[in-house]
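Spelled out, the chains give:
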Amino acid sequence: MPYKAAFALAALMPFISPLASAQVRGAGSTAAAPVYQIWAESYKASTGVNIAYEAVGSSEGMKRIRDGGIDFGASDVPLSASEAKRVHLVLVPTVVTAAVPVVNLPSVAQGQLRLTGDVLAKIFLGKLDAWDATEIQALNPGISLPKLKIRPVVRADGSGTTFHFTDYLSNVSDDWKIAFGTKSSLSWPVGFLTAKGSDEVVRAVRSTPGTIAYIDYNYVLDAGLSPVQLRNAAGNFVTAQVSSFREAVLNSDWNRKGDFSSSLVNRPGRDTWPITMGTFVAVPEISKSAKQTLAALRFVTWGYLRGDELARRAKFVPLPERVQANAYRELARVTDESGAMIGLQSMASTPGFKP
């Protein structure tokens, strides 16, 4: 491991002792739930510490961490430096995934439908409501599109997936940007099917022919949904896959500047997936419960150190090393109420650490 990453890791990866908290409470993103669950199982087997994670949605997770009801919040929505300072949180990415448009069109082969960002925006603005419309047919020559009404399925709850999906639409459609902009929740056009949480989106799409929805990549694979091919910033029609998410990160300010508030949507690159998104954890910048916050930091740092293969198994992309090192530096800012730096305190108890 390069020196910088090792130094940062040593600052946060304390020796797991019998004094460690027996339980860490987290809540938030439904999209990220699979990776935190698979990390939690392995972490408990290694340390005996239980991670109790509730998939309640990004908005609710951030509310709970601000209110002090949990040890870490999980959100798919980034915070700017000014926003994080205002709410006294430190927010860092953990893994990378993507939002993927999916359809239920019985006459179209799995993964064959092609759309552009502009056409996708028109559909979710309610301006395009037939699958055999000329604009869709022009993108799909040789495919027999059904004479079905388009039935958009959207999130009813505050959702990080909605945030990134609308961020993408705002990047590719002036009409969308003016009408809605980038939001975690919004008032959808009348007649759209609403669903709370990713599991409800899956059920709605599966049960209703003619539907189109946006959902996180791991759900697409696990539920066997039919993904849409999208035209990316390079002008290529691409399919969502982990290599295309990684390409988006490498072509972003996450990698170049350590700016986690910057967007991963519509990044350059031949094979880049245009709706790539990070998922984040948040902890108090100044902890009123140092023991619990330290336990949460241990879990997150363990995930960085040993959770890459588990993340891949859950269909997520681990952070590139340079991005991970930037995350360590952010977490090192966490202190207790006396000003003692929790991360630096743990450095002295890390076996084998050499500055």
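Please refer to the structure higher up on the page.
An account of the accompanying structure is given in this report.

The rules behind the values
Residues numbered from 1 in each chain as written. Predicted model: local features only at pLDDT ≥ 70, side-chain atom pairs only at ≥ 80, totals over all residues. Heavy atoms only, no water. Core = buried A, V, L, I, M, F, W, Y, C linked by side-chain atoms within 4.5 Å. Buried < 20%, exposed > 50% of the residue type's maximum accessible area, 1.4 Å probe, protein only. Helix = DSSP H or I, 4+ residues; strand = E, 2+ residues; numbered from the N terminus. Contact = heavy atoms within 4.5 Å. Phe/Tyr/Trp six-rings, centres within 6.5 Å; stacked < 30°, edge-to-face > 60°. Pairing = 2+ DSSP bridges. Axes fitted to C-alpha atoms, helices over the stretch in contact; angles between N-to-C directions. Parallel < 35°, antiparallel > 145°, perpendicular 65-115°, else oblique. Left-handed = near helix turned anticlockwise from the far one by under 90°. Salt bridge = Lys/Arg side-chain N within 4 Å of Asp/Glu carboxyl O. Nonpolar A, V, L, I, M, F, W, Y, C, P; charged D, E, K, R; others polar.

## Observations regarding the nonpolar core
Working step 1: Core analysis: the biggest nonpolar cluster contains 109 residues, and Trp39, Leu113, Leu115, Phe124 and Ile136 have the highest contact counts within it.
Working step 2: Of the residues forming this core, the biggest block, eleven residues, is contributed by strand S4 (residues 89-103).
Working step 3: Ignoring sequence-local partners within four residues, the contact set of Phe124 consists of Pro152, Val153, Val154, Phe165, Leu169, Trp176, Trp188, Pro189, Phe192, Ile212, Ala213 and Tyr214.

## Quick look at the packing of aromatic side chains
Working step 1: Under the definition given, this model contains 22 aromatic pairs.
Working step 2: Ring geometry for Phe180 against Trp188: centres 6.5 Å apart, planes inclined by 45 degrees, an arrangement best described as tilted. Exposure class is identical for Phe180 and Trp188. Each is buried.
Working step 3: The structure contains a cluster of three or more aromatic residues connected by ring pairs, namely Tyr36, Trp39, Tyr43, Tyr53, Phe72, Phe299 and Trp302.

## Describing the pairing of strand S6 (residues 151-155)
Within a regular strand, the side chains alternate between the two sheet faces.
Working step 1: For S6, the buried fraction is high: four of the five residues fall into the buried class.
Working step 2: Sheet analysis places S6 next to strand S8 (residues 211-216), joined by three bridges and oriented parallel. From the neighbouring strand, Arg151 faces S8, where its bridge partner is Thr211.
Working step 3: Relative to strand S7 (residues 193-195), S6 runs parallel, the two sharing three bridges. The residue bridging Val154 from the neighbouring strand is Thr194, located in S7.

## As for the packing of helix H5 (residues 117-124) against helix H7 (residues 160-172)
Working step 1: Where H5 contacts H7, the axes come no closer than 9 Å and their chain directions differ by 120 degrees. Taken together, H5 and H7 sit at an angle that is classed as oblique. At the point where H5 passes H7, the crossing takes the left-handed sense. For the pair formed by H5 and H7, the contact residues are Gly117, Asp118, Leu120, Ala121 and Phe124 on the first element and Phe165, Tyr168, Leu169 and Val172 on the second.

## Some thoughts on helix H11 (residues 242-250)
Working step 1: Taken together, the buried positions of H11 are occupied by Ser244, Phe245, Glu247, Ala248 and Val249.
Working step 2: Buried residues along H11 sit in contact with S4, helix H10 (217-223), helix H12 (253-257), strand S12 (276-284), strand S14 (317-318) and helix H15 (321-331).

## Quick notes on the pattern of salt bridges
Side chains bearing opposite charge may pair, as long as their charged atoms lie close to each other.
Working step 1: Taken as a whole and judged by the stated rule, the model has 15 salt bridges.
Working step 2: Among the salt bridges present, the one from Arg312 reaches Glu309, with a minimum N-O distance of 3.6 Å. In this pair, Arg312 and Glu309 are both assigned in helix H14 (residues 308-313), three residues apart and thus about one turn of the helix distant.
Working step 3: Taking relative accessible area as the criterion, Glu309 reaches 48% and is therefore assigned partly exposed.
Working step 4: Bridged by salt links that share partners, the residues Glu54, Glu60 and Arg64 form one connected network.

## Details of unusual backbone geometry
Working step 1: In this model, His88 sits at a positive phi of 60 degrees, which is unusual for a non-glycine residue.
Working step 2: Along the chain, His88 turns up in the loop between helix H4 (81-87) and S4.
Working step 3: Residue classification places His88 among the exposed positions, given a relative accessible area of 52%.

## Quick notes on the packing of helix H13 (residues 290-306) against H15
Working step 1: One can describe the packing of H13 onto H15 by two numbers: an axis separation of 11 Å at closest approach and a directional angle of 165 degrees. Compared by their axis directions, H13 and H15 come out roughly antiparallel. When you trace H13 past H15, the crossing you get is left-handed. Residues Leu297, Val300, Thr301, Tyr304 and Leu305 of H13 form the contact with H15, whose participating residues are Gln324, Ala327, Tyr328 and Leu331.
Working step 2: The residue makeup of the contact of H13 with H15, split by class, is seven nonpolar, two polar and no charged.

## Description of the environment of Val108
Working step 1: Structurally, Val108 can be placed in the loop between S4 and strand S5 (114-115).
Working step 2: Along the chain, Val108 and Leu310 lie 202 residues apart, while their C-alpha atoms are 33 Å from each other.
Working step 3: Filtering out sequence-adjacent residues up to four positions away, Val108 remains in contact with Leu113, Ile143, Ser144, Leu145 and Pro146.

## So, the environment of Asp336
Working step 1: Positionally, Asp336 belongs in strand S15 (residues 335-336).
Working step 2: C-alpha separation for the pair Asp336 and Glu285, spaced 51 residues apart in sequence, amounts to 8.2 Å.

## Quick word on the sheet that holds strand S11 (residues 237-238)
Working step 1: Taken in spatial order, the three strands make up an open sheet running S5-S10-S11, and their pairing is mixed. Of all the strands in the sheet, the pair left with one neighbour each is S5 and S11.
Working step 2: As judged from the two bridges shared by strand S10 (residues 229-231) and S11, these two strands associate in the antiparallel manner. Among the inter-strand pairings, Arg231 is bridged to a residue of S11, identified as Phe237.

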